[in-house]
Every structure is written in C-alpha cells, then in structure tokens.
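Fold and geometry: a report
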Amino acid sequence: MVDIESRSGNPATSGGNQGSAVRGRTTIADGVVATIAEIAIRETDGVHSVGKGASKALGAVTGRVSGSSGRGRTVKVEVGEKQTAIDVDVEVDYGVPIHELADRIRTEVVDAVETMTGLEVVEININVFDVHIPDEDDEDGSDDADSGRGGSRVQ
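Quantities reported herein were computed from a predicted structural model and do not represent experimental measurements.

**Quick notes on the overall build of the chain**
Of regular secondary structure, the chain possesses four helices and six strands. Along the chain, helices (α) and strands (β) appear in the sequence β-β-α-β-α-β-β-α-β-α when read from the amino end. Here the chain holds 155 residues, and the buried ones make up 26% of them. Within the chain, contacts between residues separated by at least 24 positions form 65% of all contacts whose residues are at least 6 apart in sequence. Of the roughly 10,200 Å² of accessible surface on the chain, 48% is carried by carbon and sulfur atoms.

Structure below.
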C-alpha cells in the first residue's frame, strides 16, 4: 500500500503561499494496482487469458465482481512509496509474435498504472505459460464422437 500526500501551492507561481502544507493523504492498496494492471493486460490484443490454473479461474470470476478480495490474484504486485513492480502469467493466442505482445503488454500496463496512480512502474515480468490454439476447444468434443464408433483401438 502506498500513501501519497497532496500539497498546496502552484509551483508555476511565485510569492504568496510558498509553503507545502499537506491537504490530506491518499492511500492506494496493492490490490488496486493489481486490478489496474490486470485490466490493461486483458484488454491487450493477443492475450487469451491471465493467470494459471485455480488463480486463472478465480480471476475470471472475480474480474467480473466488484469489490472482490485479492486472494488468488492473477497479477502480483510489489508497491513501494513511489514505484511498483508487477509479475503476471499469461496465455497467448497462437500466431501472435510473443516478443511484440510482451512489449505491448508492458506499454499498456505502464500507461494505465502510471496515469491512474502516479506510481512509476519499474519492472513488469511476464511469464508466457501457454499458447491457446482455437481448434483445441472444438477437438475435445469431436474426440468423444470418434471414440463411440469402435470403442478402443486395441483389444
């Protein structure tokens, strides 16, 4: 979690209030940074899914539920006072140049996180754990029909 102090005064003007009186404190939770990064990643063309296994399934559900807890998060973040580092596991669409996709992910995440939080993103580690092949989803159903024809191949 990070605290950001809001200060009064306009640095472009001289004279008047030259002090830096604190007007208040803004706290940004780690989960907020993770959510911003996850949305930016999911919206990047070429990313099929974010997270692996149970965290992937939970992320798909919690991603649609506002106010969900950070348990099982698909994006891990480390937030300091002024900087943040992000780790993410992604499944990419087949045919997408992975090195170019990784660059686009980094650009989208940096833009979103830095714009929305004011934190500097110093590192984004991307683990590409799988490639999604569109026909694989359909083949699962067709294998069942083929196996019903003659039973097993060997007797």
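What follows picks up the thread again.
**Comments concerning helix H3 (residues 98-117)**
With 20 residues, H3 should cover 28 Å at 1.5 Å per step; its first-to-last C-alpha distance of 28 Å lies within 8% of that length. For H3, the full list of buried residues reads Leu101, Ala102, Ile105, Val109, Val113 and Thr117. Each buried residue of H3 sits inside an arc of 100° when the element is viewed along its axis, so together they form one side. Positive phi appears at Gly118, one or two residues downstream of H3, with a value of about 80°.

**Concerning the pattern of salt bridges**
Summed over the entire model, instances satisfying the criterion amount to one salt bridge. Among the ionic pairs, Arg42 bridges to Glu38, the shortest N-O distance being 2.6 Å. Residue Arg42 and its partner Glu38 are both found in helix H1 (residues 30-42); the two are separated by four residues, about one turn of the helix.

**Quick word on the nonpolar core**
Grouped burial of nonpolar side chains is what soluble globular proteins tend to show. Core analysis: the largest hydrophobic core is formed by 25 residues, its most contacted members being Ile41, Val75, Ile86, Val109 and Val113. Of all the secondary structure elements, the ones that give two or more residues to this core are H1, strand S3 (47-50), strand S4 (75-79), strand S5 (83-93), H3 and strand S6 (120-132). With six residues, the single largest contributor to this core is H1. Not counting chain neighbours up to four residues away, the residues in contact with Val75 comprise Ala34, Ala37, Glu38, Ile41, Val50, Ile86, Asp87 and Val88.

**Overview of the packing of H1 against H3**
In the contact formed by H1 and H3, the axes pass within 9 Å of each other and the chain directions differ by 140°. If you check the angle between H1 and H3, you find them oblique. For H1 against H3, the interelement crossing comes out right-handed. Contacts from Val33, Ile36, Ala37, Ala40 and Ile41 in H1 reach Ile105, Glu108, Val109, Ala112, Val113, Met116 and Thr117 in H3. Of the residues contributing to the contact of H1 with H3, the split by class is 10 nonpolar, one polar and one charged.

About the criteria used
Residues numbered from 1 in each chain as written. Predicted model: local features only at pLDDT ≥ 70, side-chain atom pairs only at ≥ 80, totals over all residues. Heavy atoms only, no water. Helix = DSSP H or I, 4+ residues; strand = E, 2+ residues; numbered from the N terminus. Buried < 20%, exposed > 50% of the residue type's maximum accessible area, 1.4 Å probe, protein only. Contact = heavy atoms within 4.5 Å. Areas by Shrake-Rupley, 256 points an atom, 1.4 Å probe, with all protein chains shown as cover. Expected span 1.5 Å × (residues − 1). Arc of directions from axis to C-beta. Salt bridge = Lys/Arg side-chain N within 4 Å of Asp/Glu carboxyl O. Core = buried A, V, L, I, M, F, W, Y, C linked by side-chain atoms within 4.5 Å. Axes fitted to C-alpha atoms, helices over the stretch in contact; angles between N-to-C directions. Parallel < 35°, antiparallel > 145°, perpendicular 65-115°, else oblique. Left-handed = near helix turned anticlockwise from the far one by under 90°. Nonpolar A, V, L, I, M, F, W, Y, C, P; charged D, E, K, R; others polar.

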